[in-house]
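# An overview of the molecular structure
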Amino acid sequence: MEKRQFGWTRREVAAIGQGTWYDHGSDRAQAIDALRRGLDAGMTHIDTAEMYLSGVAEKWVGEAIAGRRDDVFLVSKVLPENASRKKTIVACEKSLARLATDRLDCYLLHWRGRHPLAETLAAFEQLVREGKILSWGVSNFDVDDLEETWAIDGAGRPACNQVLYHLEERAIEHAVIPWCERREVAVVAYSPFGHGQFPDPRTAGGRLLEQIASGYGATPRQVALRFLLRRASTFAIPKASTLTHVVENAGAGDFQLSETDAAGIDAAFPLGPRPRSLPML
Ligand code: NAP
């Protein structure tokens, strides 16, 4: 599995990680097995959140990483309603308890809410000083939010911005990715398969993905992941609870698309105009 530098932190992190936003019908044993299989295959970047299954996803992640915590780059997120100066600390401590660990590698604000950003960031910096988190980041932040974050005195720097990014939703390419690259902030692509809405093989775009994939002995989804990873600043965190899906996703870890193939995908799934606000799920 390819590793790349996680923004300014310089940590070497798996380019393809594992999401954990399970639906309510998810099965514990299956989810844990899938995460472990993903770790075996090098997808050691795990993304979770207090929101997912109301904390249950964090417990499953804790079980999956038991005995191999040091191999994992572990990310969780605080809900905006909990992101006050005091409640952020409490939320993080609860996440750590559910994850059965003493630290997170990165802790994110899930999206902007009513609490002043300066308060949340002051809490994040306290958590860094206490060694409970090694870095902090943001999620669903457009450029104006990022600028505001950057301008807050004494708040340090976000390590990443986790944003919606897949073949049919490339809005972050207009301004968010360039902004993050200038400041060495990692860009983490969530819902890289469109949250289950992957291009159908009967469409022109789907057929192109199949054709390109066959040239690499790869699959359309592997090609899609490689397209999202074509810039060194980006990471992707597909969620898979099916073992064959896990193995397939990890298989995208080690090949590069040619410039011609990337240009073909760019034309088939066009960027489109810049939306007024950043799309999110
Ligand atoms: P996704 O990864 O785009 O898609 C997940 C769906 O794709 C699942 O139904 C999964 O099925 C299926 N899948 C995965 N690999 C596959 C493969 N190789 N072949 C066929 N189907 C495959 O959607 P997502 O869960 O929304 O996004 C990924 C992660 O990003 C989340 O889990 C979460 O950690 C994070 N996220 C963050 C935010 C945020 O606001 N920060 C928002 C959304 C998501 P199976 O489960 O059956 O394998």
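Preceding block: the structure.
First things first, this report covers the structure right here in the doc.

### Things to note about the pattern of salt bridges
- Applying the stated criterion across every chain, the model contains 20 salt bridges.
- Among the ionic pairs, Arg 226 bridges to Glu 2, the shortest N-O distance being 2.8 Å. Here Arg 226, found in helix α8 (residues 220-228), pairs with Glu 2, found in the segment before β1 (3-5); they are 224 residues apart in sequence, far enough to count as distant. Of the two residues, Arg 226 and Glu 2, both sit in the buried class.
- Across the pair Lys 77 and Asp 47 runs a salt bridge, and its minimum N-O distance is 2.7 Å. Separated by 30 residues along the polypeptide, Lys 77 in strand β4 (residues 73-78) and Asp 47 in strand β3 (residues 45-47) bring together distant segments of the chain.
- Given a relative accessible area of 3%, Asp 47 falls into the buried group.
- Counted as one network, the salt bridges with shared partners bring together Arg 170, Glu 173, Arg 230 and Asp 266.

### Thoughts on the pairing of strand β6 (residues 136-139)
- Along β6, one buried face is formed by Trp 136 and Val 138 and the opposite face, lined by Gly 137 and Ser 139, is buried too.
- Note that strand β5 (residues 106-109) and β6 share three bridges and pair parallel. Opposite Tyr 107, over in β6, you have Trp 136 as the bridge partner.
- At this point the chain moves from β6, through helix α5 (residues 143-151), to the parallel strand β7 (residues 160-164), and the crossover so formed is right-handed.

### Re the sheet that holds β6
- The parallel open sheet is built from seven strands, whose spatial order is β3-β4-β5-β6-β7-β8-β9. The two strands at the open ends of the sheet, each matched to only one other strand, are β3 and β9 (234-236). Within this sheet the neighbouring strands show an average axis-to-axis angle of 25°, counted without direction.

### Overview of the site of the ligand
- Around the ligand, the surrounding shell holds 27 residues, and the nearest of these are Asp 47, Ser 191, His 195, Ser 241 and His 245.
- Within the contact set of the ligand, an oxygen atom lies 3.4 Å away from a backbone nitrogen or oxygen of Gly 194.
- Within the side chain of Thr 242, one N or O atom sits 2.8 Å away from an oxygen atom of the ligand.
- When grouped by side-chain class, the residues that make up the shell around the ligand number eight nonpolar, 14 polar and five charged.

### Concerning unusual backbone geometry
- The backbone of Leu 53 sits at a positive phi, close to 50°, despite the residue not being glycine.
- For Leu 53, a relative accessible area of 14% corresponds to the buried category.
- If you check the backbone angles, Ala 100 has positive phi at about 55° while not being a glycine.
- Along the chain, Ala 100 falls in the loop between α3 (85-99) and β5.
- You can call Ala 100 exposed: its relative accessible area is 65%.

What counts as what
- Residues numbered from 1 in each chain as written.
- Predicted model: local features only at pLDDT ≥ 70, side-chain atom pairs only at ≥ 80, totals over all residues.
- Heavy atoms only, no water.
- Salt bridge = Lys/Arg side-chain N within 4 Å of Asp/Glu carboxyl O.
- Helix = DSSP H or I, 4+ residues; strand = E, 2+ residues; numbered from the N terminus.
- Buried < 20%, exposed > 50% of the residue type's maximum accessible area, 1.4 Å probe, protein only.
- Pairing = 2+ DSSP bridges.
- Right-handed = clockwise from strand over helix to strand, strands pointing away.
- Axes fitted to C-alpha atoms, helices over the stretch in contact; angles between N-to-C directions.
- Near = heavy atom within 4 Å.
- Polar contact = N/O pair within 3.5 Å; in protein donor to acceptor, adjacent residues only side chain to side chain.
- Nonpolar A, V, L, I, M, F, W, Y, C, P; charged D, E, K, R; others polar.

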